[in-house]
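# Understanding the architecture of this molecule
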Amino acid sequence: MDDSETGFNLKVVLVSFKQCLDEKEEVLLDPYIASWKGLVRFLNSLGTIFSFISKDVVSKLQIMERLRGGPQSEHYRSLQTMVAYELSNQLVDLERRSHHPESGCRTVLRLHRALRWLQLFLEGLRTSPEDARTSVLCTDSYNASLAAYHPWIVRRTVTVAFYALPTRKVFLETMNVGPPEQAVQMLGEALPFIERVYNVSQKLYAEHSLLDLP
């Protein structure tokens, strides 16, 4: 449970999601990538239990950074411009994985699903009683989000690993915002920023029938 990176504070990470939405409520990809990097730091600070998620997230962030730094970078300024560009140029595998396994649409969808799991888990920590079992909170959040996209053996391995999670108190202290009650208050203030980004992204993907990309 050692957080080796001095100055880490989960509130700063969560509030950074506020920067992801511009005045037109487009999801800006540079702040989105930066915010996810902060969440990876948080997951890694909890040890190896969440490595199955953080490693996959890191690989997806690397794909998005390549797209943002590539010759078509202007089309990857926001989630909305990316979806419009990739769909109009047939750069998305809509029915089965084929020529575009690393499309931006598919890559962000995987990040989008993981964000939902983390949002649900943190909300569970915020609203649960002091003696709540984090393994149950995490399993419930996983079953309501990522589990549907994982094969049975992965689901089984993951839920068994959750039994090794630390207590709710330790989780809240790892956020580095003060005592547990302060962390709970912080989550209440900051989680809506993640929820807003998630909801805007969800609506966009639903409108274009992209929520089940292979």
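About the thresholds
- Residues numbered from 1 in each chain as written.
- Predicted model: local features only at pLDDT ≥ 70, side-chain atom pairs only at ≥ 80, totals over all residues.
- Heavy atoms only, no water.
- Axes fitted to C-alpha atoms, helices over the stretch in contact; angles between N-to-C directions.
- Helix = DSSP H or I, 4+ residues; strand = E, 2+ residues; numbered from the N terminus.
- Parallel < 35°, antiparallel > 145°, perpendicular 65-115°, else oblique.
- Left-handed = near helix turned anticlockwise from the far one by under 90°.
- Contact = heavy atoms within 4.5 Å.
- Nonpolar A, V, L, I, M, F, W, Y, C, P; charged D, E, K, R; others polar.
- Buried < 20%, exposed > 50% of the residue type's maximum accessible area, 1.4 Å probe, protein only.
- Lys, Arg positive; Asp, Glu negative; His and termini not counted.
- Salt bridge = Lys/Arg side-chain N within 4 Å of Asp/Glu carboxyl O.
- pLDDT = per-residue confidence, 0-100.

### Observations regarding the packing of helix H2 (residues 29-45) against helix H5 (residues 104-127)
As a packed pair, H2 and H5 sit with axes 12 Å apart at the nearest point and diverge in direction by 50°. Comparing the axis directions of H2 and H5 gives the class oblique. In terms of crossing hand, the pair formed by H2 and H5 is left-handed. The residues of H5 that touch H2, namely those facing Tyr32, Trp36, Leu39, Phe42 and Leu43, are Val108, Leu111, His112, Ala114, Leu115, Trp117, Leu118 and Leu122. Its residues assigned to classes, the contact of H2 with H5 shows 12 nonpolar, 1 polar and no charged.

### Observations regarding the side chain of Arg110
Within the fold, Arg110 resides in helix H5. No salt bridge is formed by the buried Arg110; its nearest oppositely charged neighbour, Asp56, is found at 6.7 Å. With residues near it in sequence (within four places) discarded, Arg110 still touches Lys60, Leu213 and Pro214.

### Quick word on the pattern of salt bridges
Summed over all chains, the structure comprises 11 salt bridges. Between Lys24 and Glu26 there is a salt bridge whose closest N-O contact spans 3.8 Å. Its salt-bridge partner being Glu65, residue Lys37 comes within 2.5 Å of it at the nearest N-O pair. In this pair, Lys37 is assigned in helix H2 and Glu65 in helix H3 (residues 51-68), connecting sequence segments 28 residues apart.

### Description of the confidence of the model for the protein chain
With 96% of its residues at a pLDDT of at least 70, the protein chain reaches an overall mean of 91. Confidence drops under pLDDT 50 across residues 1-6; counting only partners more than four residues distant or on other chains, this segment forms 11 contacts.

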